[in-house]
4 protein chains.
Amino acid sequence: MPGNTFGNIFKITTFGESHGAAIGVIIDGVPPNIYINESDIQFELDRRKPGQSKVTTQRAEGDKVEILSGTFEGKTTGTPLTLVIFNKDQRPQDYSKLKDVFRPGHADYTYLKKYDIRDHRGSGRASGRETAARVAAGAIAKKILQSKAINIVAHTLSIGDIKAKKIDYTVIEKNIVRTADMDAAESMVKKIEEVKAKNDSIGGVIEAIVHNCPAGLGEPVFDKLDAVLAHSLMSIGSVKGIEFGSGFKCSEMLGSEHNDKIYLDGKKVRTRPNNSGGILGGISNGEDIIIRLAIKPTSSIAQSQQTITTEGKPATIMIEGRHDPCLCPRIVPVAEAMIAITILDFLLLQKVIDNSIA
Amino acid sequence: MPGNTFGNIFKITTFGESHGAAIGVIIDGVPPNIYINESDIQFELDRRKPGQSKVTTQRAEGDKVEILSGTFEGKTTGTPLTLVIFNKDQRPQDYSKLKDVFRPGHADYTYLKKYDIRDHRGSGRASGRETAARVAAGAIAKKILQSKAINIVAHTLSIGDIKAKKIDYTVIEKNIVRTADMDAAESMVKKIEEVKAKNDSIGGVIEAIVHNCPAGLGEPVFDKLDAVLAHSLMSIGSVKGIEFGSGFKCSEMLGSEHNDKIYLDGKKVRTRPNNSGGILGGISNGEDIIIRLAIKPTSSIAQSQQTITTEGKPATIMIEGRHDPCLCPRIVPVAEAMIAITILDFLLLQKVIDNSIA
Amino acid sequence: MPGNTFGNIFKITTFGESHGAAIGVIIDGVPPNIYINESDIQFELDRRKPGQSKVTTQRAEGDKVEILSGTFEGKTTGTPLTLVIFNKDQRPQDYSKLKDVFRPGHADYTYLKKYDIRDHRGSGRASGRETAARVAAGAIAKKILQSKAINIVAHTLSIGDIKAKKIDYTVIEKNIVRTADMDAAESMVKKIEEVKAKNDSIGGVIEAIVHNCPAGLGEPVFDKLDAVLAHSLMSIGSVKGIEFGSGFKCSEMLGSEHNDKIYLDGKKVRTRPNNSGGILGGISNGEDIIIRLAIKPTSSIAQSQQTITTEGKPATIMIEGRHDPCLCPRIVPVAEAMIAITILDFLLLQKVIDNSIA
Amino acid sequence: MPGNTFGNIFKITTFGESHGAAIGVIIDGVPPNIYINESDIQFELDRRKPGQSKVTTQRAEGDKVEILSGTFEGKTTGTPLTLVIFNKDQRPQDYSKLKDVFRPGHADYTYLKKYDIRDHRGSGRASGRETAARVAAGAIAKKILQSKAINIVAHTLSIGDIKAKKIDYTVIEKNIVRTADMDAAESMVKKIEEVKAKNDSIGGVIEAIVHNCPAGLGEPVFDKLDAVLAHSLMSIGSVKGIEFGSGFKCSEMLGSEHNDKIYLDGKKVRTRPNNSGGILGGISNGEDIIIRLAIKPTSSIAQSQQTITTEGKPATIMIEGRHDPCLCPRIVPVAEAMIAITILDFLLLQKVIDNSIA
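Throughout what follows, the structure given in this document is the object of discussion. (Residues numbered from 1 in each chain as written. Chains lettered and ligands numbered in written order. Predicted model: local features only at pLDDT ≥ 70, side-chain atom pairs only at ≥ 80, totals over all residues. Heavy atoms only, no water.)

1. Looking at the pattern of salt bridges
- Applying the stated criterion across every chain, the model contains 92 salt bridges over all chains.
- The partner of K54(A) in a salt bridge is E193(A), with the nearest N and O atoms 3.5 Å apart. Note that K54(A) is positioned in the loop between helix 1 (38-48) and strand 4 (65-69) and E193(A) in helix 4 (residues 182-197), a separation of 139 residues in sequence.
- Residue class for E193(A) comes out partly exposed when judged on its relative accessible area of 35%.
- The closest approach of N and O atoms between R178(C) and E173(C), which form a salt bridge, is 3.0 Å.
- The class of R178(C) is buried, set by a relative accessible area of 5%.
- Each of E44(A), R47(A), K142(A), E173(A), R178(A) and E336(A) takes part in one network of salt bridges that share partners. (Salt bridge = Lys/Arg side-chain N within 4 Å of Asp/Glu carboxyl O. Helix = DSSP H or I, 4+ residues; strand = E, 2+ residues; numbered from the N terminus. Buried < 20%, exposed > 50% of the residue type's maximum accessible area, 1.4 Å probe, protein only.)

Here you go:
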């Protein structure tokens, strides 16, 4: 506490407002002797950045990352790694209209109640822009996990009522909505364009999978792997729900259906059909970890909406500016980042036990 | 870390295995000068205890709580409050058959992989029995919150495909499934009895509401109120998903539908229809906080199931003993406890800001 | 926070008041598969217990420890280890006279100011009795460290102006003041008896050494090994100062004198004369870690002293009851315990790096 | 953990190496609505900066601080305050000679053992330069404390065997050694110049006082105010010991001498002569908090010293470059900063209790 730090061993602390000087992250606990360079991080930032396609906001931030500390001759040293992105495309004047009114679906009122002060420029700290720092830190985590053959993939499972019916990971980055079903992609894009034309926005579901996560990660009782992943992912703005494996469907299932069968695949202990979603008793069992996130429709819409002023007078508001009609394509890399940060933290923590003293 | 502590100011650390000497909790950070006695806690423990009705396990643990420290002349002193429940109805011999085999849907394999040792007596630390310590701590939190008129109520929203259609909080404790719809209660009980007769189990959904939570609770960026509630509640065994307000339905909604309208009700800032579930930008807005949890069917069922032995040989297993055919009625008080612990922690933390130095 | 937990991986949380039902400790993060039994712990508790010799208080608490959780078939399981000592020799009536008056040198006034309530029975939580929980936890830590050939020894270096002139670790437990100089022991005992005869008390210095601590323990910048040891040891009541290696003498030294020379001893990098006290830049270098603690004279003395009542009236006070005329002999095992807990925590934490991913 | 974060509510996380791009700090938990500007911080940084007088190193870093986040229209917002100092006067080539050899008294060997990699440019993260981030954060803490009339003053009590005999706080900033005794100042400066002329360095003692600290700060049992201050101050490089109030002298005192008398001064409860140093049972009692620190002589000296190479060959080393002949004048503001950060953190934490729910 209070709130801008996440993790135990691989521990990130982020800072910055959407229209301040910069946003960034200090990562403490990065393993030493790992080759890191800015392009490793930039690749992931570019997946999150605004203006990348016709279905995202048209703001054009470059989001260039700089490494301020923690490396020596291209390698990590074990000391804090600091990544910073200086803000460029600031147009705080876009927000001056919003100074005296609370935007529906936004944190304007709640921040003011909490702190008795509010940075109204583009949501300040509550802006989705803070996720760039998460993605930067996640890029480091992903690189380390990939060296251990642990891969994390997220994709858009549905946009409104359009659902992906196939799962082909190789096509995710080949369509602008980041779905794993190339056929659904077209309908999803069309749906978003329709909604955008009406100055509206739409929600969706993102699915994420951790492949090849070793068994044994997660801590009883409160820091179960699924509990901490839920913390980690629910902390991303606009996520209204999370489920693992069978998820909410489990509520209509019998125990005899839901229990995964245990079997041996060569020397590996396996379970099927993986209703558990790769986690039993809060600890990974070696199967794919399967997570789904409910993403709400973007709150910023250019329609007249009922609200009140900061003085308590009834008002209507129309939010102009450049906003995402659907958040899913840009949350996909953010979700991957938070999962990577969380899994790596548990992986490092497990080294304490795996190399036990006894 | 590592895992048996939760909270920042009101901080609980639990211990104990289902068939060890005792389970219990140390609560650090209890506000001083609060009258506490064992009956405050016992009331909540009795709502969680086994053997309370025909739809729960028939084990008959008394679950009597003792206060070992932290009070003086009936009042809290600000020092750690220790609550302990000595285990009575231990039948470890019931579990000796399970020594060499992994139970499907349980943490047997994952604990063994994690620690290279496993207490097979009734799941050891992974037993649902550990939740008694949560309920004991939660009873203290609830008492303090109630003195501030903050109330937390959970109830069974559905069992299998039987859903509550009305919400009447006054009937929850008047039916053994703890649903808020007296008509649905009968069908739910019948459903559970049918399933039990077939040596099977069934899942359900629990809903919880926080009434009268003050605006301003929750910490940006990682310790958003919903993120920490998700952590807190997903750490309860058998929970496979969580959602807030509109939840997964948000994925099919438009922004113009989803955004709650802001209005003034007397002097109070209100929003409707409360799709946000009382939390915006991770901070409470004063509306009811609305949470739903997916509860999987009990893993312990007396049916033949496919598994392997700890030596890696294929095997079948039939889990005897006394188990809950549906976990919802007993998880209701556990969910309330975890919510109370979490809300109180944020309430105490907010005192730092509300009484600011500036 | 708030205050009753110490450590990161090997993490202890203690509870209990001197005249409550019990005192104890939950240890989270104990490595699994370690044989532990009550006698391992009892041995250390007996070194701390009152009534052990003529130079300690004549109270006769048995201090019998019980293990409430965390072991299975004699071995640790990785789950929280709970150790409890039920209080026996309670004479709260001894303290009723102290209810309305602040004892000089005690925490009576400060606890009341902090919490607006005070448990006056034998100092409550501020009693030296809480250190029994530390010693119990420390016994586990010492056992684990000893299996790695890391040994921690503390001894009384001086009592008043009587100083040990020789250091022979083998005699420490052979004299009741726990000094490493058998010749000094006699004078020290005599000194304590003189002081006791005058209803007075006396201070002293304790030295502690960690032998065979591996190089590399300690975390930059804030969690330097010496900084965390200082935290750990200064948290023991009655410690007024701490120094490492050259300690306060360094203030009169030149750099050319103070810098230890670096040389090779076989394959081992060594330094001499070890003014650094085994720690450089906050990280252990493999030399003996050398620590000295200033111990104040016991505050409870049976002499008339000037004070005020809780109502603010001038008063005199004479503290009867059974108190230690010198705290050093009983703080020796407490200091060892806190050092063991701290070193083990860093040793476990270093496993994360030593088995790095890169 | 791991190591670059300090504090609970007012929580600082620092980063940066002496010859990297920048050093800095994120402060989480800054109270909102406080006016902050760069000049508040710069004033304190200038007291720490190199090149400020003939008795400090002649390196001439400007140490200009920039605020990257956490303020809006000149006031803090409750979000993380980020302060950064870009490094200017880097001469990494000065250090290339030190690449393959371990400097006596430095962290070269210990960092290499810990991380298996070492940034040899000016000690990297182990450089005293990291304290600039502490001073920057401390400037914010001091400003807030001053608004509550809590003042922290540190001064040089001795350099080698030259001791201050008077304490006049008004002269501290009027002499370049920062002593409170103007007469001693001259001898101290002379002493340092003599030592410097011989390419040597010298140690000293710093005393610090917290005036007007409210009673009730500090947390039992492990987070006693003196224990956490010891952690905080021992984490500053070159500090070899710390004592409070009577300090090591207590070891030769009787209880009847050492116990402070309690009396009423108007309505205020006071004690004298303050041997406790303002802390009883780990909690402040309202008297001046008195702390003394032992500062070792600077390790970097331009004399031939015995060491080994990183390959394990015997070698001699002569450390050139620009170093402080005595660290005391520059550690004075660092000590004040760490005390301010610690006291403010406890003050904020106490708000939770002072405004209790009961």
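2. Re the relation of the copies chain B and chain A
- After a rotation of 180° and a shift along the axis of 0.0 Å, chain B superposes on chain A with an RMSD of 0.0 Å. On the angle and the small slide along the axis, the relation comes out as a two-fold axis. For chain B, the minimum C-alpha distance to the rotation axis belongs to H231(B) and amounts to 2.4 Å.
- Of the interface residues in chain B, 100% have counterparts in chain A that sit at the interface too, so the contact is made through matching surfaces. (Least-squares fit on C-alpha atoms with pLDDT ≥ 70 in both. Contact = heavy atoms within 4.5 Å.)

3. Thoughts on the side chain of H120(C)
- By secondary structure assignment, the location of H120(C) is in the loop between helix 2 (108-115) and helix 3 (131-147).
- Residue H120(C) is classed as buried on the basis of its relative accessible area of 9%.
- With sequence-adjacent residues up to four places away left out, H120(C) is seen in contact with F72(B), Y95(C), S96(C) and K99(C).

4. A word on the sheet that holds strand 7 (residues 81-86) of chain D
All names here are of chain D.
- Ordered by their spatial adjacency, five strands build an open sheet running 1-2-3-7-4, and the pairing between neighbours is antiparallel. In the strand order of this sheet, the two ends are held by strand 1 (5-6) and strand 4 (65-69), each with one partner.
- With four bridges joining them, strand 4 and strand 7 adopt antiparallel strand pairing. Within strand 7, the residue paired with E66 across the bridge is V84. (Pairing = 2+ DSSP bridges.)

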